[in-house]
Amino acid sequence: MSNLKFPSFNHAGVMLYKNGQTANYGSIRVENGLFFHYTGKGLREMFPNNNPTEDQKKLASDLSKKSEAELIASQHIMCPSVDEIEAFIN
């Protein structure tokens, strides 16, 4: 298992995978060797910024009613192995 210090719940930032790719994340938890996090898509659609439109509010509301399994299937949440992560950039 990785020796990385994982971000606390609800921390958002950028992570670097060992394959060189980067990704936005919103930390949920580490469980059974997996890092559960909101993806960039999940962050944008589930937690819209200031002055969201009515469509954005409706989408966020609809997504908040989905199960974690549904959010994983729709790529709003991902859970890569902790061994795939090189670093947390911020």
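Structure: above.
Everything numeric here is computed off the predicted structure, so don't read it as measured data.

**Student:** Teacher, can you tell me more about the overall build of the chain here?
**Tutor:** Scanning the chain from N- to C-terminus turns up three helices and five strands. Order of helices (α) and strands (β) in the chain, N terminus to C terminus: β-β-β-α-α-α-β-β. Summarising its shape, the C-alpha atoms of the chain cover approximately 40 × 25 × 20 Å along the three principal directions. Among the 90 residues that make up the chain, the fraction classed as buried is 31%.

**Student:** I would appreciate a short explanation of unusual backbone geometry in the present structure.
**Tutor:** You will see that Asn 10, though not glycine, has its phi angle at about 75°, which is positive. Here Asn 10 shows up in the segment before β1 (12-17). Of the residues examined, Asn 10 reaches a relative accessible area of 56% and is grouped as exposed. Within the chain, Asn 32 stands out as a residue other than glycine whose phi angle is a positive 50°. Counting through the fold element by element, Asn 32 comes out in the loop between β2 (22-31) and β3 (34-38).

**Student:** Please explain the sheet that holds β1 as it appears in this structure.
**Tutor:** The pairing of strands in a sheet comes from backbone hydrogen bonds and takes either a parallel or an antiparallel form. Strand order in the open sheet formed by five strands is β4-β3-β2-β1-β5, with antiparallel pairing between adjacent strands. Edge positions in the open sheet fall to β4 (77-78) and β5 (85-88), since each of these has one partner strand only. Pairing of β3 with β4 involves two bridges; the strand directions are antiparallel. When the bridges of β4 are listed, Tyr 38 appears paired with Ile 77.

Calculation rules
- Residues numbered from 1 in each chain as written.
- Predicted model: local features only at pLDDT ≥ 70, side-chain atom pairs only at ≥ 80, totals over all residues.
- Heavy atoms only, no water.
- Helix = DSSP H or I, 4+ residues; strand = E, 2+ residues; numbered from the N terminus.
- Buried < 20%, exposed > 50% of the residue type's maximum accessible area, 1.4 Å probe, protein only.
- Pairing = 2+ DSSP bridges.

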